[in-house]
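Now for the letters of each chain:
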Amino acid sequence: MAKKLVGALVVLGLLGGLSAFVYALTTNKLEIGYNKGYMPDQPIPFSHELHSGKYKINCQYCHSNVAVSRHSSVPSLNVCMNCHSVVKVGSPWIQKITEAYQNDTSIAWEKVHLLPDHVKFNHSAHIQAGKQCTDCHGQVEKMPVVYQHSSLSMGWCVNCHRQPENNAPVNCGTCHY
Ligand code: HEC
Ligand code: HEC
Ligand code: HEC
Ligand code: HEC
Ligand code: HEC
């Protein structure tokens, strides 16, 4: 039974991979899935290496809703201003941030990760099950520019769910609408 299920998953995984590939080719949307290493240019050179590596700012200080919600949102500018109202105020980048903050606008960060719409992913379930940011995002605190560390493919998700110690569901409805 388990073997059959695994077999079915492998076949479906291959089919899924093939259709994702064809989809990517035909729509030119290579940013969806199989996008390991994707590292878009950001409007402000925000460095995780500096903030989380050198200055040891906790991930959840900025990505504060990751343990309780589906998405781990990028922080709003008031979080930056907690420090940058006094830190490095002479920098043109910090001046840009301050100006946006004062005008009540935001910085248009480019999304690094983007799952297709038919996939359900939920941060809180993973954080509550004890998973670490590094398990999926790699060592972000060493990245001057953040990039996609994992493939985010179906096989990647299912492989981890299948580990006995994770005891995580692998039925289709868990991850698909
Ligand atoms: C643990 C999560 C997870 C489970 C369980 C899962 N999938 Fe997926 N699936 C994904 C993710 C993530 C993608 C998108 C990335 C990709 O295409 O590989 C995907 C993609 C697909 C695609 C490709 C769709 C496209 O547009 O290319 C198909 C088809 C698919 N899944 C079918 C299934 C079926 C059938 C099952 C049950 C046997 C299943 N999945 C179970 C996570 C999952
Ligand atoms: C000082 C605030 C701050 C801290 C601390 C911080 N981040 Fe971020 N994070 C950001 C901002 C701003 C962005 C959007 C700009 C970018 O992508 O570089 C971001 C983007 C990201 C992204 C990419 C989001 C996407 O678009 O897909 C990931 C993943 C991420 N952070 C993970 C982490 C992890 C893991 C840590 C801890 C090691 C961490 N962050 C610490 C502010 C922070
Ligand atoms: C089990 C794997 C996993 C873990 C653990 C994980 N993430 Fe993610 N993260 C993802 C996936 C998958 C996406 C893409 C989600 C999407 O496109 O809907 C993502 C997206 C993000 C984003 C972009 C915004 C969003 O939610 O789409 C940020 C920021 C982020 N993660 C930060 C973190 C931080 C900080 C931690 C640790 C506290 C963390 N993640 C833990 C898999 C994970
Ligand atoms: C807990 C304090 C703290 C927070 C919060 C913080 N930063 Fe910083 N940031 C620093 C420190 C410290 C430096 C290094 C200053 C130096 O080089 O003297 C720095 C440097 C920077 C630089 C480099 C400036 C330059 O010209 O060298 C940028 C850009 C930056 N931060 C953006 C941000 C953004 C965007 C946010 C919000 C998402 C943010 N920071 C949140 C403390 C913080
Ligand atoms: C590093 C291991 C790991 C990876 C990678 C991973 N998961 Fe999970 N996932 C888990 C664990 C552990 C649980 C929690 C099982 C439990 O205790 O209920 C879980 C639970 C879930 C749940 C159930 C949430 C709920 O509300 O009960 C969904 C949906 C899910 N994962 C989707 C995904 C998708 C989609 C991906 C890939 C994009 C993915 N996961 C990648 C380990 C992982």
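As a reminder, the structure under discussion sits directly above these lines.
This report concerns the structure included in the present document. Owing to the predicted nature of the structure, the values given are computational and were not obtained by experimental measurement.

Conventions adopted
Residues numbered from 1 in each chain as written. Chains lettered and ligands numbered in written order. Predicted model: local features only at pLDDT ≥ 70, side-chain atom pairs only at ≥ 80, totals over all residues. Heavy atoms only, no water. Near = heavy atom within 4 Å. Polar contact = N/O pair within 3.5 Å; in protein donor to acceptor, adjacent residues only side chain to side chain. Helix = DSSP H or I, 4+ residues; strand = E, 2+ residues; numbered from the N terminus. Buried < 20%, exposed > 50% of the residue type's maximum accessible area, 1.4 Å probe, protein only. Donors = N, O, S within 2.8 Å, 3.2 Å for Na, K, Ca; no water. Tetrahedral: all angles 85-135°; square planar, octahedral: opposite > 155°, others 65-115°. Arc of directions from axis to C-beta. Contact = heavy atoms within 4.5 Å.

The environment of ligand 5 is made up of 16 residues, and the closest members are H126, C157, C160, H161 and T174. Here a nitrogen atom of ligand 5 and a side-chain polar atom of H126 are 2.8 Å apart. Taking H161, its side chain carries an N or O atom lying 2.8 Å from a nitrogen atom of ligand 5. Within the residue set of the shell around ligand 5, elements represented by two or more residues are α6 (123-128), α8 (154-162) and α9 (172-175).

So, about unusual backbone geometry. Most of the time, phi is negative for any residue but glycine, and the peptide bond is trans. Positive phi, close to 55 degrees, is recorded for K56, a residue that is not glycine. Residue placement: K56 occurs in the loop between α2 (48-54) and α3 (59-62). A relative accessible area of 66% places K56 in the exposed class. Even without a glycine there, the phi angle at N167 is positive, about 50 degrees. The class of N167 is exposed, set by a relative accessible area of 70%.

Note on the iron atom of ligand 4: its protein donors are H51 (NE2) and H84 (NE2). The metal-donor distances range over 1.9 to 2.0 Å. Because the angles between the six donor atoms bound to the iron atom of ligand 4 fall within 87 to 180 degrees, the donor set is best described as octahedral. In this pair, H51 sits in helix α2 while H84 sits in helix α4 (residues 77-84), placing the two residues 33 residues apart along the sequence. Residue H51 is classed as buried on the basis of its relative accessible area of 19%.

We now examine helix α5 (residues 92-102). Inspection of α5 places I94, I97, T98 and A100 among the buried residues, and these make up the whole buried set. The buried residues of α5 all sit within an arc of 160 degrees when viewed along its axis, so they share a single face. Every exposed residue of α5 that faces more than 90 degrees away from the buried side is listed here: P92, E99 and Q102. The secondary structure elements touched by the buried residues of α5 are α4.

Without other data, these values stay purely geometric and don't point to any function.
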